Amino acid sequence: MNPTIPHDKLTGALRRQSVKKNVAAIHVSGKLTLLQRKLSNVLLLNAYDTLVTRNKHQIDARTLCMMVGYNSNDMDTLKQSLRSLAETTAEWDMLDANGRQEWGVSALLSYAKLSGGVCEYAYSPALAEKLHDPKVFALINLNIQRRFTSGHALALYENCYRFVRTGSTGWWPIDLFRRLMGVDGSAYYESFKHLNAKIIKPAVAEVNKTSNILITPELHKMGRQVSEVRFLIKENPQLAMLDIDDGEGLRQGPVYANLMELGVSDRLARQWITEHGEDYVSEKIVYLKGRGAVDSPIGYLQAALRNDYKAAAPAEPTSKAKQAAVKRREKSVAADSAEAERAAVIEEERKARAQIMARIQEIVDSRSPTQRDADRRLFLAWLDDELLKSEFSRLGWKAALCAREMVAFWTDLIPDAFDGAD
């Protein structure tokens, strides 16, 4: 008679429903240039929605080059970078709910090929599963990535950002840190003095200046030698608007609720609160409600935030007759002013939107059919708002509701695309 197998002895798929993964560490070997590291993040973003449902992914090669910063016709550099990603290893070391260790290693890309102007690539199934799990690996916001000028700084940011919720990376042995920065095997960086002066201090300074987190290194010594390093992490309030995907905290406040009642989109509401602060946004909502019926409340509120509209100061007390006359005049002037402001705001926004949409259509028309297909799929992956995704799926590049996101997307691809446009 076979004994009953205790549930806590089951492994793999047999325990899948009961296993809760804790915060995990997944490290990518640091021997990548800045552009190769950016390439890795763009490829992951492009594949993310189907990362675990498809075994291969595609992106237009010229579009990929432009997004990363290569010359769009420089296929040799792209080939070399893809080769480097296929030769780079990702290593994870994580715990399940019972504290049991899982270790694994995989090539960052299992293969890549260029054919007919299209880049096709794949991840190993085990790595794809880890990369798709937000508790294990954090996607890097491309608006933040593009600001980095140092490969070491971007590598440090990536490895720290994954631990932002826990507030610390935990202690890393110095040998591991050298590997993450891509300087293992260098006799020069065997000296911690050199490592600290040339790698740690400059990278920390750029992360704190450039990104949405602030990091502080701490050192642990064994005897007189530095044996471990860890980084304390907190959000950078000055640059938090660069990364507003996680808005659960903002969604709980009364200002967010008021914006929702006015019909403001979730993403725009979080951006306004992050950029201006709850008190300022609340003040402008009160101002808007004091204007009475407004044809375009969202546009008017946007103008109030941008131009700091304020309510007029109360008049000094006078006789009742004078007060009544003053109020009538103020009401008439206010009505005329409000109507003029509304008309001006609406007309200004209409012209600006029409100009932007026309420029977007020009850009799309200039692309090849292959590029257009890749652009469309890439932009859908770029969007994180389901309403905007639905609108774009229905109307394509004519979806005016997505104009703000389209501008950001095309500016990333073609930095001077909107020069001269309002």
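Because the structure is predicted, anything quoted here is derived from the model rather than measured.

Draft legend 1. Inspection of the overall build of the chain at higher detail. Per the secondary structure count, the chain includes 17 helices and nine strands. Looking at the chain residue by residue over its 422 residues, the buried ones come to 43%. Here the contacts in the chain between residues at least 6 apart in sequence split such that 63% fall between residues at least 24 apart. Put simply, the chain shows about 22,900 Å² of open surface, and 52% of that area lies on carbon and sulfur atoms.

Draft legend 2. Local environment of helix 13 (residues 297-307). Among all positions in helix 13, only Gly299, Tyr300, Leu301, Ala303, Ala304 and Leu305 are buried. Aspartate 308 sits one or two positions beyond helix 13 and adopts a positive phi of about 55 degrees.

Draft legend 3. View of the sheet that holds strand 6 (residues 118-122). In space, the three strands of this open sheet follow the order 2-6-5, with antiparallel pairing throughout. The open sheet has two edge strands with one neighbour each: strand 2 (57-60) and strand 5 (111-115). Between one strand axis and the next, the sheet turns through 20 degrees on average, direction left out of account. Seen against the sheet, helix 2 (residues 61-68) touches strand 2, strand 5 and strand 6 and runs at an angle of roughly 75 degrees to strand 2.

Draft legend 4. Geometry of the packing of helix 6 (residues 151-161) against helix 8 (residues 192-210). Where helix 6 contacts helix 8, the axes come no closer than 8 Å and their chain directions differ by 70 degrees. The angle between helix 6 and helix 8 falls in the class roughly perpendicular. For the pair helix 6 and helix 8, contact is made by His152, Ala153, Leu156 and Tyr157 and by Ile199, Ala203, Val204, Glu206 and Val207, respectively. Among the residues making up the contact of helix 6 with helix 8, the classes are represented as seven nonpolar, one polar and one charged.

Draft legend 5. The arrangement of the pattern of salt bridges in detail. Applying the stated criterion across every chain yields a total of eleven salt bridges. Of the charged contacts in the structure, one is a salt bridge between arginine 37 and glutamate 158, with a shortest N-O distance of 2.9 Å. With arginine 37 in helix 1 (residues 34-47) and glutamate 158 in helix 6, this residue pair connects regions lying 121 residues apart in the sequence. Judged by its relative accessible area of 3%, glutamate 158 is buried. The salt bridge involving arginine 377 is made with aspartate 373; its shortest N-O contact spans 3.3 Å. Of this pair, arginine 377 and aspartate 373 both sit in helix 15 (residues 369-382), four residues apart, which is roughly one turn of that helix. On the basis of relative accessible area, aspartate 373 is assigned to the partly exposed category, the value being 43%.

Draft legend 6. Representation of the side chain of serine 106 in the model. Note that serine 106 resides in strand 4 (residues 101-107). Within polar-contact distance, the side chain of serine 106 engages the side chain of serine 124 at 2.8 Å. Discounting chain neighbours no more than four positions away, the residues touching serine 106 are Thr88, Thr89, Ala90, Trp92, Ser124 and Leu127.

Draft legend 7. Broad picture of the environment of arginine 147. Mapped onto the secondary structure, arginine 147 falls in the loop between helix 5 (142-145) and helix 6. With relative accessibility at 36%, the residue arginine 147 sits in the partly exposed group. Along the primary structure arginine 147 and valine 207 are separated by 60 residues, whereas in three dimensions their C-alpha atoms are 9.8 Å apart. Here the side chain of arginine 147 touches threonine 210 through a polar contact of 2.9 Å, landing on its backbone oxygen.

Draft legend 8. Representation of unusual backbone geometry within the structure. Positive phi, normally seen in glycine, also occurs at aspartate 308, with a value near 55 degrees. Along the chain, aspartate 308 falls in the loop between helix 13 and helix 14 (320-365). Given a relative accessible area of 30%, aspartate 308 falls into the partly exposed group.

Draft legend 9. Molecular detail of the packing of helix 2 against helix 15. Where helix 2 meets helix 15, the closest approach of the two axes is 8 Å, and the angle between their N-to-C directions is 50 degrees. Between helix 2 and helix 15, the angle is such that the two are oblique. Only Gln371, Asp375 and Leu378 of helix 15 make contact with helix 2, whose side of the interface consists of Arg62, Thr63 and Met67. A class-by-class count of the residues in the contact of helix 2 with helix 15 yields two nonpolar, two polar and two charged.

Draft legend 10. Fine view of the nonpolar core. In this structure, Leu43, Tyr123, Met406 and Trp410 are the most contacted members of the largest nonpolar core, which totals 52 residues. Not counting residues up to four positions away in its chain, the partners in contact with tyrosine 123 are Ser40, Leu43, Leu44, Ala47, Leu51, His57, Leu108, Leu109, Ser110, Ala128 and Leu131. Ile140, Val183, Ile200 and Val204 belong to the second-largest nonpolar core, a separate cluster that totals 33 residues.

Draft legend 11. The arrangement of the sheet that holds strand 7 (residues 172-173) in detail. A sheet is described by the order of its strands in space; here three strands give the open sequence 7-9-8, paired in antiparallel fashion. In the strand order of this sheet, the two ends are held by strand 7 and strand 8 (213-222), each with one partner. With respect to the sheet, helix 6 is in contact with strand 7, strand 8 and strand 9 (225-235), its orientation differing from that of strand 8 by roughly 90 degrees. Packing against the sheet, helix 8 makes contact with strand 8 and strand 9, and its axis sits at approximately 160 degrees to strand 8.

Draft legend 12. Focus on the packing of aromatic side chains. Taken as a whole and assessed by the stated rule, the structure comprises 18 aromatic pairs. Taking 5.2 Å as the distance between ring centres and 40 degrees as the angle between the ring planes, the aromatic pair formed by phenylalanine 379 and tryptophan 397 counts as tilted. Here phenylalanine 379, found in helix 15, pairs with tryptophan 397, found in the loop between helix 16 (386-395) and helix 17 (403-413); they are 18 residues apart in sequence, far enough to count as distant. For tryptophan 397, a relative accessible area of 9% translates into the label buried. Taken together, the ring pairs in this structure connect Phe379, Trp382, Phe392, Trp397, Phe409 and Trp410 into an aromatic cluster. Geometry around phenylalanine 392 places arginine 376 over its ring, the cationic atom sitting 5.1 Å from the centre.

Here is what the cut-offs are and how they apply
Residues numbered from 1 in each chain as written. Predicted model: local features only at pLDDT ≥ 70, side-chain atom pairs only at ≥ 80, totals over all residues. Heavy atoms only, no water. Helix = DSSP H or I, 4+ residues; strand = E, 2+ residues; numbered from the N terminus. Buried < 20%, exposed > 50% of the residue type's maximum accessible area, 1.4 Å probe, protein only. Contact = heavy atoms within 4.5 Å. Areas by Shrake-Rupley, 256 points an atom, 1.4 Å probe, with all protein chains shown as cover. Pairing = 2+ DSSP bridges. Axes fitted to C-alpha atoms, helices over the stretch in contact; angles between N-to-C directions. Parallel < 35°, antiparallel > 145°, perpendicular 65-115°, else oblique. Nonpolar A, V, L, I, M, F, W, Y, C, P; charged D, E, K, R; others polar. Salt bridge = Lys/Arg side-chain N within 4 Å of Asp/Glu carboxyl O. Polar contact = N/O pair within 3.5 Å; in protein donor to acceptor, adjacent residues only side chain to side chain. Core = buried A, V, L, I, M, F, W, Y, C linked by side-chain atoms within 4.5 Å. Phe/Tyr/Trp six-rings, centres within 6.5 Å; stacked < 30°, edge-to-face > 60°. Lys NZ or Arg CZ within 6 Å of the ring centre and 35° of its normal.

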